[in-house]
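Architecture and fold: a report
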Amino acid sequence: MEHDLTPQNDDEAIPPALAMAFAPLHKRAFGFAIGIALGLTIFVATVIVLLRGPTADPQVNLGLLRQYFVGYSVTWSGALVGFAWGIVAGFVAGWFFAFCRNLAIAIAVFYFKARSELAQTRDFLDHI
């Protein structure tokens, strides 16, 4: 789904940087990006804890992730399970964030555009 950000006439010219700032996020792409990042973070964190061994810092307790991710454990196979769950959880969080951001931007643009059009026609009856 492409969005046309080109102005309709010269009066509505929008600087390209501003048009990019208000361009909607692609929900699926943003979800996959966040999902891959979260999955890799969980995988790398698990591998680091496994490589450090049992004498590692007791403050790092990745075992608590099993409360949220079914099948996760601080093992090599658990690192793969955590990677998969990280992709799923990150996708959902990223998709929802992009959806909320796009909705907020659309509402704000609609509001300010409606206010601007109302301000332009406010003195309409004065000219009759």
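Before reading on, note that the structure itself is shown above.
Residues numbered from 1 in each chain as written. Predicted model: local features only at pLDDT ≥ 70, side-chain atom pairs only at ≥ 80, totals over all residues. Heavy atoms only, no water.

1. A look at the overall build of the chain
Check the secondary structure of the chain and you find three helices and zero strands. Helices (α) and strands (β) of the chain occur, in sequence order from the N terminus, as α-α-α. Counting over 128 residues, the chain shows a buried share of 17%. Long-range contacts, defined as pairs at least 24 residues apart, comprise 70% of the intrachain contacts of the chain with a sequence gap of at least 6. Only carbon and sulfur atoms are counted for the fraction: they give 68% of the accessible area of the chain, which is about 9900 Å². (Helix = DSSP H or I, 4+ residues; strand = E, 2+ residues; numbered from the N terminus. Buried < 20%, exposed > 50% of the residue type's maximum accessible area, 1.4 Å probe, protein only. Contact = heavy atoms within 4.5 Å. Areas by Shrake-Rupley, 256 points an atom, 1.4 Å probe, with all protein chains shown as cover.)

2. Regarding the packing of aromatic side chains
The relative placement of two aromatic rings is captured by the distance of their centres and the angle of their planes. A complete count under the given rule lists six aromatic pairs for this structure. Between Phe 32 and Phe 91, the ring centres sit 5.0 Å apart and the planes meet at 50 degrees, which makes this aromatic pair tilted. Linking Phe 32 in helix 2 (residues 27–52) with Phe 91 in helix 3 (residues 76–120), this pair joins segments that are 59 residues apart in sequence. Accessibility expressed as a relative area gives 24% for Phe 91, which makes it partly exposed. (Phe/Tyr/Trp six-rings, centres within 6.5 Å; stacked < 30°, edge-to-face > 60°.)

3. Things to note about helix 3
Spanning 45 residues, helix 3 covers 65 Å between terminal C-alpha atoms, matching the ideal 66 Å at 1.5 Å per step. Every buried residue belonging to helix 3 is among Gly 78, Ala 79, Gly 82, Gly 86, Gly 90, Gly 94, Ala 98 and Asn 102, and all of these are buried. The inward-facing, buried residues of helix 3 abut helix 2. (Expected span 1.5 Å × (residues − 1).)

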